[in-house]
Amino acid sequence: MPENGLGRREVLGAAGVAACGLALAGCGTRDTKAQLNLKGKVIAKTADVPVGGGKVIEDLNIVVAQPAQGVYKAYSSICTHKGCAVGTPKDNVMRCACHGSEFAADSGKPTKGPATAPLAAFQVKVQGDGIVVA
């Protein structure tokens, strides 16, 4: 064993833990930065978001829906159950493929579990042909 009392396994284990921590921190930082920098930005075009359907903006982790003609909603696309991404809204429902949770496109609330918490909502408005975070 080396003089400092740390063997090869301990050093490699500590390095692995540090690398995992940095990877997780990097993901959280990107998401937080993206969400903080969205205000006033166009996240989708109205023509790309059909009534009863929607669009997932993967690089921003946002899903935009149009539950009724001219009504646009935006939510985090991260399922509140285990953190998987929800899919593109269809028939006013956003589904998580990982465990089957379903969310209402008009409220973001879960309509089928295992998720029990709603998707985080973003305030949006229409400016010209764009959907903008308010």
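Residues numbered from 1 in each chain as written. Predicted model: local features only at pLDDT ≥ 70, side-chain atom pairs only at ≥ 80, totals over all residues. Heavy atoms only, no water.

**Student:** Please clarify how the state of the cysteines should be interpreted in this entry.
**Tutor:** Tallied over the entire structure, the rule returns 1 disulfide. Residue pairing for C84: its cysteine sulfur links by disulfide to C98, the two sulfurs lying 2.1 Å apart. Taking the sign of the torsion about the S-S bond as the criterion, the disulfide between C84 and C98, at about -100°, is left-handed. Note that C84 is positioned in the loop between strand 4 (71-76) and strand 5 (93-95) and C98 in the loop between strand 5 and strand 6 (102-104), a separation of 14 residues in sequence. Residue classification places C84 among the buried positions, given a relative accessible area of 18%. Taking relative accessible area as the criterion, C98 reaches 42% and is therefore assigned partly exposed. C79 takes part in no disulfide bond, and the closest cysteine sulfur to it belongs to C96, at a distance of 3.9 Å. Judged by relative accessible area, which is 4%, C79 ranks as buried. Looking at C96, the relative accessible area reads 4%, which means it is buried. (Disulfide = S-S within 2.5 Å. Helix = DSSP H or I, 4+ residues; strand = E, 2+ residues; numbered from the N terminus. Buried < 20%, exposed > 50% of the residue type's maximum accessible area, 1.4 Å probe, protein only.)

**Student:** Even after reading the chapter, I still don't get the environment of G54, so can you show me in this structure?
**Tutor:** Tracing the chain through its elements places G54 in strand 2 (residues 54-57). For G54, a relative accessible area of 10% corresponds to the buried category. As for G54 and A44, which are separated by 10 residues in sequence, their C-alpha atoms are 9.8 Å apart. Leaving out residues up to four positions away in the same chain, G54 has contacts with D48, V49, V64, A65, T88 and P89. (Contact = heavy atoms within 4.5 Å.)

**Student:** Sorry, what's going on with the sheet that holds strand 3 (residues 62-68) here?
**Tutor:** The strands making up a sheet associate through hydrogen bonds between their backbones, and the pairing can be parallel or antiparallel. Taken together, 4 strands build an open sheet; the order of strands is 2-3-4-8 and the sheet is antiparallel. Since the sheet does not close on itself, it has two edges, and those belong to strand 2 and strand 8 (121-122), each with one partner. Note: strand 4 against strand 8, 2 bridges, orientation antiparallel. When the bridges of strand 8 are listed, A74 appears paired with F122. (Pairing = 2+ DSSP bridges.)

**Student:** It is not clear to me how the sheet that holds strand 7 (residues 110-112) should be interpreted in this structure. Could you clarify?
**Tutor:** The 3 strands are arranged 5-6-7 in an open sheet whose pairing can be described as antiparallel. A strand with exactly one partner marks an edge of an open sheet, and here the two such strands are strand 5 and strand 7. Sheet twist, expressed as the average angle between the axes of neighbouring strands with direction ignored, equals 35°. Sheet topology places strand 6 next to strand 7; 2 bridges connect them, and they run antiparallel. Residue pairing across strands places E102 opposite K112, the latter belonging to strand 7. (Axes fitted to C-alpha atoms, helices over the stretch in contact; angles between N-to-C directions.)

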